[in-house]
Amino acid sequence: MLKIEVQNIVASSTLAKKLDLDTIAKTLENTEYEPEQFPGLVYRLKKPKTAVLLFRSGKANCTGAKSIREVEETFNIVLNELKTIGVEVVEKPEINIQNIVAISDLGVEFNLNEVAVGLGLDKVEYEPEQFPGLVYKFSNPPVAFLIFGSGKIVCAGAKKIEDINRAVDKLIAELSSLGLLY
């Protein structure tokens, strides 16, 4: 069975109607807020090792999670911290997964020129002088793969873990049917 590792999940939510980022920055530890550089406040958690971007609008983005459970845990921690300092927060905020990035190793080295031709030059982006990998996009599920000559792959753009598994299975089937795998 191929090992697929989630490296990063980006999720968004609305935690409050509005947030006073100046007060939050002064009250909570592990925050970075430089409004002249970036309009959001960065709140870093040690466990899970994630970061949350908080905006005045009450919207928040979580990055760095390696599972959906870590995303939920991160938002719960931030909500509790905000409640503790007197911020009025949404009771059960909706969490939207924006992007899941995963990596794997297909265990075989590729000649990326052969892969590009096999998959169809109209379906891939491959400019070895610019980037050492080949970009291959699926519309169903809507993900993009980076395929490297080493056999390593990166899958990005998924909104569900199942989409990554389906896409990897589909990629393996296509590469196998071309005689490029196994």
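Worth saying up front: this structure is predicted, and the values here are computed from it rather than measured.

Peer 1: What should I look at first to understand the overall build of the protein chain in this one?
Peer 2: In terms of helices and strands, the protein chain carries four helices and 10 strands. When the elements of the protein chain are put in sequence order from the N terminus, they spell out β-α-β-β-β-β-α-β-α-β-β-β-β-α. Compactness check: the protein chain gives a C-alpha radius of gyration of 20 Å against a globular reference of 16 Å for 182 residues, more than 25% above the reference. Counting only C-alpha atoms, the protein chain reaches 60 × 35 × 25 Å along its principal axes. Per-residue burial over the protein chain gives 40% buried out of 182 residues. Within the protein chain, contacts between residues separated by at least 24 positions form 59% of all contacts whose residues are at least 6 apart in sequence.

Peer 1: Any chance you could explain the side chain of Thr 74 here in plain terms?
Peer 2: Secondary-structure assignment places Thr 74 in helix α2 (residues 68-84). If we skip the residues at most four places from it in the chain, Thr 74 touches Leu 45, Pro 48, Thr 50, Val 52 and Cys 62.

Peer 1: Any chance you could explain unusual backbone geometry here in plain terms?
Peer 2: For the bond running from Lys 47 to Pro 48, omega is -5°, close enough to zero to count as cis. Cis geometry marks the peptide bond from Asn 140 to Pro 141; its omega dihedral reads 0°. Although it is not a glycine, Asn 30 adopts a positive phi angle of roughly 60°. Mapped onto the fold, Asn 30 is located in the loop between α1 (21-27) and β2 (31-32). Judged by relative accessible area, which is 40%, Asn 30 ranks as partly exposed.

Peer 1: What exactly am I supposed to notice about the sheet that holds strand β3 (residues 41-45) here?
Peer 2: Pairing between the strands of a sheet is mediated by backbone hydrogen bonds and can be parallel or antiparallel. Here we have 10 strands laid out as an open sheet, ordered β2-β3-β4-β5-β1-β6-β10-β9-β8-β7, and antiparallel in their pairing. Taken across any chain shown, the strands that pair with only one partner, and hence form the sheet edges, are β2 and β7 (124-125). In this sheet, strand β5 (residues 59-65) lies alongside strand β4 (residues 50-54) in antiparallel orientation, the contact comprising four bridges. Of the residues in β5, the one forming a bridge with Ala 51 is Thr 63. On top of the sheet, α2 reaches β1 (4-14), β3, β4, β5 and β6 (95-105); it is set at about 135° to β5, its chief contact. Each of β7, β8 (133-139) and β9 (142-148) touches helix α3 (residues 112-119); the most contacted strand, β8, lies at about 25° to it.

Peer 1: I keep staring at α2 and nothing clicks. Help me out?
Peer 2: Think of an α-helix as turning once every 3.6 residues; residues three or four places apart then point the same way. With 17 residues, α2 extends 24 Å from end C-alpha to end C-alpha; this agrees with the ideal 24 Å at 1.5 Å per step. Here α2 has its buried residues at Glu 70, Val 71, Thr 74, Phe 75, Val 78, Leu 79 and Leu 82. Looking at the buried positions of α2, the neighbouring elements they touch are β1, α1, β3, β4, β5 and β6. One or two positions beyond α2, positive phi appears at Gly 86, with a value near 90°.

Peer 1: What should I look at first to understand the pattern of salt bridges in this one?
Peer 2: Opposite charge on two side chains permits them to pair, given that their charged atoms come into close proximity. Counting across every chain of the model gives seven salt bridges. When the shortest N-O distance is used, the salt bridge between Arg 44 and Glu 32 registers 2.9 Å. One end of the pair, Arg 44, is in strand β3; the other, Glu 32, is in strand β2, with 12 residues separating them in the sequence.

Peer 1: Whenever I open this one, the nonpolar core confuses me. Can you help?
Peer 2: Ranked by size, the top nonpolar core spans 52 residues in total, and within it Leu 54, Leu 82, Phe 110, Leu 134, Phe 145, Ile 147 and Leu 175 carry the most contacts. Among the elements that line this core, the one with the most residues is helix α4 (residues 161-177), at six residues. Apart from the residues lying within four places of it in its own chain, the contact partners of Leu 82 are Leu 15, Leu 19, Ile 24, Leu 28, Val 87 and Val 89.

Peer 1: Before we go on, may I ask you to explain the pairing of β5 in this structure?
Peer 2: Looking down a regular strand, the side chains alternate between one sheet face and the other. Where β1 and β5 come together, five bridges link them in antiparallel fashion. Paired with Ala 11 across the strands is Cys 62, a residue of β5. Where β4 folds back on β5, the antiparallel hairpin that results is connected by four residues, among which Gly 58 adopts a positive phi of roughly 95°.

Criteria and cut-off values
- Residues numbered from 1 in each chain as written.
- Predicted model: local features only at pLDDT ≥ 70, side-chain atom pairs only at ≥ 80, totals over all residues.
- Heavy atoms only, no water.
- Helix = DSSP H or I, 4+ residues; strand = E, 2+ residues; numbered from the N terminus.
- Rg over C-alpha atoms; globule rule 2.2 N^0.38 Å.
- Buried < 20%, exposed > 50% of the residue type's maximum accessible area, 1.4 Å probe, protein only.
- Contact = heavy atoms within 4.5 Å.
- Pairing = 2+ DSSP bridges.
- Axes fitted to C-alpha atoms, helices over the stretch in contact; angles between N-to-C directions.
- Expected span 1.5 Å × (residues − 1).
- Salt bridge = Lys/Arg side-chain N within 4 Å of Asp/Glu carboxyl O.
- Core = buried A, V, L, I, M, F, W, Y, C linked by side-chain atoms within 4.5 Å.

Note that every value here comes from positions in space, so none of it alone points to a role or purpose.
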